[in-house]
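# Analysis of the macromolecular model
Chain by chain, the residues run as shown.
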Amino acid sequence: MSERVNVKKKTSAPAEASTVSSAKADAALPSLGPKEMLRWAWTQLTSMRTALFLLLLLAVAAVPGSLFPQRPANPSVVTQYIKDHPDYGKLLDTLQLYDVYSSVWFSAIYLLLFISLIGCVVPRAIAHYKAMRSQPPRTPKRLSRLPEYGTLIIPADAGIPASDAIRSAAGVLKKRGYRVEVRDDDGARPSLGAERGFMKEVGNLVFHTSLIGVLVSVAIGGLFGYSGQRILVEGDTFVNTLVGYDQFTPGTNFQSSQLQPYSVQLDKFDITFDRESQGKFGQPIDFSAAVTTKENPDAPAKKETLKVNDPITLGGTSIYLTGNGYAPVVTIRDGDGNVAMQGPVVAKLQGDNYYSSVVIKVPDAKPEQLGFQGFFLPTAFVTDQGVSFSGDPELFNPQLSLNSYYGDLGLDSGAPQNVFEIDVKDLTPLNARNLDAGGITLAPGSTYTLPDGKGSISFDGVKRYVGVDIHHNPGQLYALIFALLAVAGLILSLYVNRRRAWVRTGMHEDGRTMVEYGLLARGEDHRLAGEAAAVRKLLADEWNLDGGGQQGSGHQSQQTPSSLDDNGAGTPTPAGPAGPDKDQ
Amino acid sequence: MPFGINETMGQYSELFMLLAAGTYTVAFIAFAWDLAKSSKALHAIDLKAAQAGEPAKVPAAAGVGSRAASGVDGPADRAERPSSSASGPAAGGGVVTAGADMKYAAERRAPARVAVALTILGAVIHGAGVVTRALGAGRVPWGNMYEFLTTGAFVAIAVFLLVLIRRDLRFLGTFVVGLAIIMLVAASVAYWTPVGHLVPALQSYWLIIHVSIAVLSSALFTLTFAMSALQLVQSHRQKTVAAGGEDKLRFMRLVPSALSLENLSYRINAIAFIGWTFTLMFGAIWAEKAWGRFWGWDTKEVWTFVIWVVYAGYLHARATRGWTGTRAAWLSIVGYLCVVFNFTIVNQFFNGLHSYSGL
Ligand code: HEM
């Protein structure tokens, strides 16, 4: 397979290699067979340019999801939006703009990106594995052409010959974390090649691979997870079975046997309101739900506190406090004088200070079914114009104000109905502000008798309710682990520097030992000069030379004061490539 | 339970913010004066050089000139890019007088010194404002838009001053200080909020971790935005001058070469990207704690993700032939515009779970 060739090239510079080979493929395009076409497409897909393009495309594609309402988050808002925009609402739907993140086009982009990622990471991992096991590159002929270059001179009386010098230099570099190979150490011009910073590429590979891990973990969560919602009035108990949920969203591979039948009872729900600051007076500042939990029906009961930002974990799920409100307790008697309904009614938040809407359906009322619709106000105020509002979130002056209806509620047809809405189209109004009987206004403890002997309604008291979300996501922990790995890899990749160093020694005729060294960075490295200085100092200390900082010459230095190439004319030059290949 | 509210502290805080904005304004003028004055001085040097019959517009630093002329910015030229050593301040007629390594040069720039001193003074007052705000509210001072802005401006200035210790980035002074003034003014005019408690959704130690890192990264992105914008101007200017055109923006000579700007902003962007990665992760962990799912494509999450991807694109661009230099700078700018958008428009006009802007 000639893919190998490609891989080898990537050893030196992955990004360039793929560009180079794709450029070659470009030129040969007309005569490609299907196999070559595929290979060409693959090379294109896994090129750095494509990765960049797909990344930017992903960023752009994510944006519309924040501009248009999204069905998974808010189905009813989407329906309303389509109604409100008859001109293009439907078109957006066809384009999947109400469900961007599971749309065909969004999925296509990130899947292509991840295929590209795999196609990029695998050959690079192989190439890097080989690079880590191969010897450091050969010593360039002219070290003085390296970006960092310097010389040291060991005086003759120190008695350190060239071969000893190179060995101790090797020791110094090894201690500094370089992988070192000594060459020709018994020759006239011994040298060493050293390399460090392999963790840079390892970090990069770990980073990219972990991104795949995160994606897979998210997919696992979608397959095997589930989530649901439940409203619990004080005193209510939730049992973790399918019927226990008000709403349930199973993952693709969900099985009901996954549900452990634990129970949660809401004992009491407390809210603290802000009574200090002017701007936020009356805002809730603390929610706290006292609950009693049981791992399973026979397990001992346990008291726990559920708060915002502080979920309870139970039976492999987490339970979150996501909403709350008031539930007025009512007793409704029907036309026959029997209690047709008795209990708390969940009032849905509508406005400031727990101004909430109330819908009561009484299908059991006889002879005629009854329905109520109106508002609950914890602290009722009425303006001069007769508009009522709630002046405070706490129960200082609770009030129920309702209209009533009788007739067929339509619940028997079997069509599912929203408990928070009532369709009064087919009902006959009994109480309303515009009727003779007027609306119903109730304070706790009071009872109102409906006109025409249709029954009565009593407002017995007020309880609180909470909304809880229950989630099970088996992919979550893995997503976290991979995300942490990704960050670790990222930091390595950005902060480890890959460097090469060479040292060459030789004896001067007068007995001094001449040492020259050069350093080269692979990729971005603004600390190479610092490294060169540090290496120089270490070498100088090793040989007890002073002035470790004097003779270093910077980048592209032209003068090579006592370089062997200049001084040692006549000495055979060691074999090696003609000058450093800076792209390596 | 949160600590009590202390309104007096809150009022002190507002006074401090006002004083800080005032001090910054003077610092801003000093920075602008520095640019103008140096521009004049440079012009004088040019004139002298011209009179002496020297060509005034020869690119001085070899690295700078050759790159500007060739315009090839592939990864291959990375090795050529001076990794460290200074191509020191150029003689009078150069395109760029500022050192490539952004180290302080020997010559004294009195107005710039005054400007930095004033900025430090402003920062101290500003810091007092942030601290008193925290004391007044009895919690970390980043719980609503007003506090994000005032604290964010402080962090931006602090980061700038910290970088100034090691690098001569005074050419960014007008920009950074100007931005801090805008942020402070916007905070008090458009987003003013009295000290208050946090809504329960924000009462979590994740607020401290997640938001502080977000603010810090944004401050770093602010610096790189300024540098990338200057880089674009500088690279255009270098090309013009290299092609023998007239140098219309003389004061840009105080600004390092496009390449040095690119390199430094890359390094800062790399740190900021790691910070943003943490922001994203910690946000996800917090979302899991608060709402039961670590990712739900909420508006704020979407934009945080978009920013992350754009800067990932930026880092890729730096390694892609033909995408370094100008194009990478544009990506860095686009990324920052997304940061600003995320902070302003998304916080205010999009309804999501993150509707806690305090408005
Ligand atoms: C999910 C999409 C991707 C993201 C979020 C991403 C992100 C990043 C980031 C943040 C970096 C800089 C830090 C580092 O070096 O580790 C980086 C570097 C790199 N990425 Fe990606 N990447 C993605 C996909 C890809 C793909 C598909 C390829 C292959 C074509 C690729 C190839 C590279 C290479 C070669 C580098 C090193 C660049 C250098 O030498 O500085 N990445 N990536």
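So, how was this worked out
Residues numbered from 1 in each chain as written. Chains lettered and ligands numbered in written order. Predicted model: local features only at pLDDT ≥ 70, side-chain atom pairs only at ≥ 80, totals over all residues. Heavy atoms only, no water. Helix = DSSP H or I, 4+ residues; strand = E, 2+ residues; numbered from the N terminus. Contact = heavy atoms within 4.5 Å. Buried area = accessible area lost by both parts, 1.4 Å probe. Salt bridge = Lys/Arg side-chain N within 4 Å of Asp/Glu carboxyl O. Polar contact = N/O pair within 3.5 Å; in protein donor to acceptor, adjacent residues only side chain to side chain. Patch = residues over 30% accessible without salt bridge, like charges linked within 9 Å, V, L, I, M, F, W, Y side chains within 5 Å. Areas by Shrake-Rupley, 256 points an atom, 1.4 Å probe, with all protein chains shown as cover. Buried < 20%, exposed > 50% of the residue type's maximum accessible area, 1.4 Å probe, protein only. Phe/Tyr/Trp six-rings, centres within 6.5 Å; stacked < 30°, edge-to-face > 60°. Lys NZ or Arg CZ within 6 Å of the ring centre and 35° of its normal. Near = heavy atom within 4 Å. Nonpolar A, V, L, I, M, F, W, Y, C, P; charged D, E, K, R; others polar. Core = buried A, V, L, I, M, F, W, Y, C linked by side-chain atoms within 4.5 Å. Expected span 1.5 Å × (residues − 1).

Going by an unreviewed UniProt entry, chain B carries the name Cytochrome C biogenesis protein and comes from Pseudarthrobacter enclensis.

The name given to chain A in an unreviewed UniProt entry is Cytochrome C biogenesis protein ResB, and the organism recorded there is Pseudarthrobacter enclensis.

## Observations regarding unusual backbone geometry
Residue and element names in this part refer to chain A. At the junction of Lys366 and Pro367, the peptide bond is cis and its omega measures out at -5° in the coordinates. Following the sequence through the fold, Pro367 ends up in the loop between strand 14 (356-362) and strand 15 (369-377). Phi at Gln96 takes a positive value of approximately 65°, unusual for a residue other than glycine. Turning to its location among the elements, Gln96 is positioned in the loop between helix 7 (89-94) and helix 8 (104-133). Phi angles above zero are rare outside glycine, and Asn353 is one such case at about 55°.

## A look at the interface of chain A and chain B
Listed by partner, the interface residues are 60 residues for chain A and 64 residues for chain B. Overall, the association of chain A and chain B removes approximately 5,300 Å² of surface from exposure, summing both partners, and the carbon and sulfur fraction of that is 67%. If you look at where chain A meets chain B, you find zero salt bridges. Remark: the boundary between chain A and chain B carries seven residue pairs in polar contact (both at pLDDT 80 or more). Considering each element in turn, the side of chain A that touches chain B owes the most residues, ten residues, to helix 11 (residues 476-495) of chain A.

## As for a nonpolar patch on the surface
Residue and element names in this part refer to chain A. Together, Leu477, Tyr478, Leu480, Ile481, Leu484 and Leu485 make up a nonpolar patch on the protein surface, roughly 550 Å² of accessible area in all. Along the polypeptide, Leu485 turns up in helix 11. Using a relative accessible area of 38% as the deciding quantity, one classes Leu485 as partly exposed.

## So, the packing of aromatic side chains
Counted according to the given criterion, the structure contains 32 aromatic pairs over all chains. Ring geometry for Phe106(A) and Tyr110(A): centres 5.9 Å apart, planes at 65°, overall edge-to-face. A residue pair is termed a helical-turn pair when its members lie 3 or 4 positions apart in one helix, as Phe106(A) and Tyr110(A) do in helix 8 at four residues. For Phe106(A), a relative accessible area of 2% gives the class buried. Between Phe273(A) and Tyr354(A), the aromatic rings sit 6.2 Å apart at their centres with planes inclined by 90°, giving edge-to-face as the arrangement. Here the residue Phe273(A) occupies a position in strand 7 (residues 263-273), and Tyr354(A) occupies one in the loop between strand 13 (348-349) and strand 14, the gap between them amounting to 81 residues. The residues Phe273(A) and Tyr354(A) share a single accessibility class, namely buried. Three or more aromatic residues joined by ring pairs form one cluster here, namely Tyr101(A), Phe106(A), Tyr110(A), Trp295(B), Trp297(B) and Phe305(B). When the ring centre of Tyr266(B) is taken as reference, the NZ or CZ atom of Arg318(B) above it lies at 4.4 Å. For the cation-ring pair, Arg327(B) lies above Trp323(B), with the distance from its terminal atom to the ring centre recorded as 4.8 Å.

## A closer look at the site of the ligand
Near the ligand you find 23 residues, and of these Cys120(A), Asn204(A), His208(A), Ser493(A) and His316(B) are the closest. Among the chains of the assembly, those with residues near the ligand are chains A and B. In this structure, Asn204(A) approaches the ligand through a side-chain N or O atom, which is 2.8 Å from an oxygen atom. Measuring from a nitrogen atom of the ligand, one finds a side-chain N or O atom of His316(B) at 2.5 Å. Taken together, the elements giving at least two residues each to the shell around the ligand come down to helix 4 (48-62), helix 8, helix 10 (198-224) and helix 11 of chain A together with helix 9 (299-317) of chain B. The dominant element in the shell around the ligand, judged by the number of residues it contributes, is helix 8 of chain A, at six residues. In the shell around the ligand, the residues fall into 15 nonpolar, seven polar and one charged.

## What to know about the nonpolar core
Residues Tyr24(B), Leu169(B), Leu172(B) and Val306(B) are the most contacted members of the largest nonpolar core, which totals 119 residues. Residues in contact with Leu169(B), not counting those within four places in the same chain, are Met102(B), Phe160(B), Val163(B), Leu164(B), Met227(B) and Leu264(B). With 49 residues, the next largest nonpolar core counts Leu266(A), Tyr354(A), Val358(A) and Phe459(A) among its residues.

## Side note on the environment of Val182(A)
Residues and elements named next belong to chain A. Mapped onto the secondary structure, Val182 falls in strand 2 (residues 179-183). Taking the C-alpha atoms as reference points, Val182 and Trp502, separated by 320 residues in sequence, lie 9.6 Å from one another. What Val182 contacts, discounting residues up to four positions off in sequence, is Ile166, Ala170, Ser191 and Leu192.

## A few points about helix 6 (residues 173-190) of chain B
Under the 1.5 Å per step criterion, the end-to-end length of helix 6 of chain B is 25 Å for 18 residues, consistent within 8% with the ideal 26 Å. Here helix 6 of chain B has its buried residues at Gly173(B), Thr174(B), Val176(B), Val177(B), Gly178(B), Ala180(B), Ile181(B), Met183(B), Leu184(B) and Ala187(B).

## Points about the side chain of Asp168(B)
All names here are of chain B. One can find Asp168 in the loop between helix 5 (145-166) and helix 6. Of the residues examined, Asp168 reaches a relative accessible area of 10% and is grouped as buried. A polar atom in the side chain of Asp168 sits 2.9 Å from the side chain of Arg170.

## Section: helix 7 (residues 205-242) of chain B
All names here are of chain B. A rise of 1.5 Å per residue sets the reference length of helix 7, with its 38 residues, at 56 Å; its end C-alpha atoms lie 55 Å apart and thus fit the reference within 8%. With a side-chain oxygen lying 3.0 Å from the backbone nitrogen of Trp206, the N-terminal cap of helix 7 falls on Ser204. Taken from the residues just after helix 7, Gly244 is the one with a positive phi, measuring 85°.

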